[in-house]
Structure formats: C-alpha cells, structure tokens
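Here are the chains, one letter per residue:
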Amino acid sequence: MSLSKKVLERVAKVEGKDPAELDEPLFEVVDPDALDAIFESGEGGPDRDAGMVDFEYLGYRVRVTAGGDVLLRERSEV
C-alpha cells in the first residue's frame, strides 16, 4: 500500500470516517505522488532506509517514516 493511502486510511480511522469522506483532499497539503516516491526503493528509485516527512493534515501532525509507519498527533499535543 502506498504511503499516501496509508495516511488517508489512518486519518480516516481516527476520524471515524471513510477516506473518501475526509473534509480536505490530501493533495492540498502534500503531493501524494512525491510522498509515495520519496522512500520508494527499486529500479531507478532512491533506496532510503532512514528519514521521515512531517506535515499537518486535518488537525493532525502527520509523520511518515522510511519504514512505512504513519504516526498521528493532534496539533494540541505538539
């Protein structure tokens, strides 16, 4: 599963919604294709096994790691 899809599914689960019902498209805060590609390994792609990307989405601080983890924190916790 792509990282962008993991982000959508994780936020939707916490919000108690279907990913298609989220109030804001993910592409309005981050480029989903770039997010998917940044840690992608394979032929012609980067081979990154460390690092992370942080951004805010729908009231959450989202952290995506090279290992494929998607961590959420409410903005008030930051």
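Just above sits the structure.
Residues numbered from 1 in each chain as written. Predicted model: local features only at pLDDT ≥ 70, side-chain atom pairs only at ≥ 80, totals over all residues. Heavy atoms only, no water.

Caption draft 1: Highlighting the overall build of the protein. Across its full length, the protein carries 2 helices and 3 strands. Its helices and strands taken in sequence order, the protein reads α-α-β-β-β from the N to the C terminus. Relative to its full complement of 78 residues, the protein shows a buried share of 26%. Here the protein has roughly 5,200 Å² of accessible surface; of this, 43% comes from carbon and sulfur atoms. (Helix = DSSP H or I, 4+ residues; strand = E, 2+ residues; numbered from the N terminus. Buried < 20%, exposed > 50% of the residue type's maximum accessible area, 1.4 Å probe, protein only. Areas by Shrake-Rupley, 256 points an atom, 1.4 Å probe, with all protein chains shown as cover.)

Caption draft 2: Seen up close, the pairing of strand E2 (residues 60–65). For strand E1 (residues 52–57) and E2, the ladder comprises 6 bridges, and the chain directions are antiparallel. Paired with Tyr57 across the two strands is Tyr60, which belongs to E2. Following E1, the chain reverses through 2 residues before pairing antiparallel with E2; Leu58 in that reversal takes a positive phi of roughly 50°. Note: E2 against strand E3 (residues 70–74), 5 bridges, orientation antiparallel. Within E3, the position partnered with Arg61 by the bridge is Arg73. Taking the residues between adjacent antiparallel strands as the criterion, E2 and E3 are bridged by 4 residues, where Gly68 takes a positive phi near 90°. (Pairing = 2+ DSSP bridges.)

Caption draft 3: Molecular detail of the environment of Leu8. Tracing the backbone through its elements, the reader meets Leu8 in helix H1 (residues 3–15). For Leu8, a relative accessible area of 24% translates into the label partly exposed. C-alpha separation for the pair Leu8 and Asp18, spaced 10 residues apart in sequence, amounts to 8.9 Å. Residues in contact with Leu8, not counting those within four places in the same chain, are Pro19, Leu22, Leu26 and Tyr57. (Contact = heavy atoms within 4.5 Å.)

Caption draft 4: Looking closely at the nonpolar core. One finds Val7, Leu35, Phe55, Tyr57, Val62 and Val64 to be the most contacted residues of the largest nonpolar core, which totals 17 residues. Taken together, the elements giving at least two residues each to this core come down to H1, E1 and E2. Looking at which element gives the most residues to this core, the answer is H1, with 4 residues. Setting aside residues up to four positions removed in sequence, Leu35 forms contacts with Leu3, Ser4, Val7, Val53, Phe55 and Val64. (Core = buried A, V, L, I, M, F, W, Y, C linked by side-chain atoms within 4.5 Å.)

Caption draft 5: The environment of Glu15, seen in detail. You can see Glu15 is positioned in helix H1. The exposure class assigned to Glu15 is partly exposed, which follows from its relative accessible area of 33%. The spatial distance from the C-alpha of Glu15 to the C-alpha of Leu58 is 9.6 Å, given a sequence separation of 43 residues. In this structure Glu15 touches Leu22 and Tyr60, once residues within four positions along its chain are discounted. A distance of 2.4 Å separates the side chain of Glu15 from the side chain of Tyr60, its partner in a polar contact. (Polar contact = N/O pair within 3.5 Å; in protein donor to acceptor, adjacent residues only side chain to side chain.)

This is a description of form; function is not addressed.
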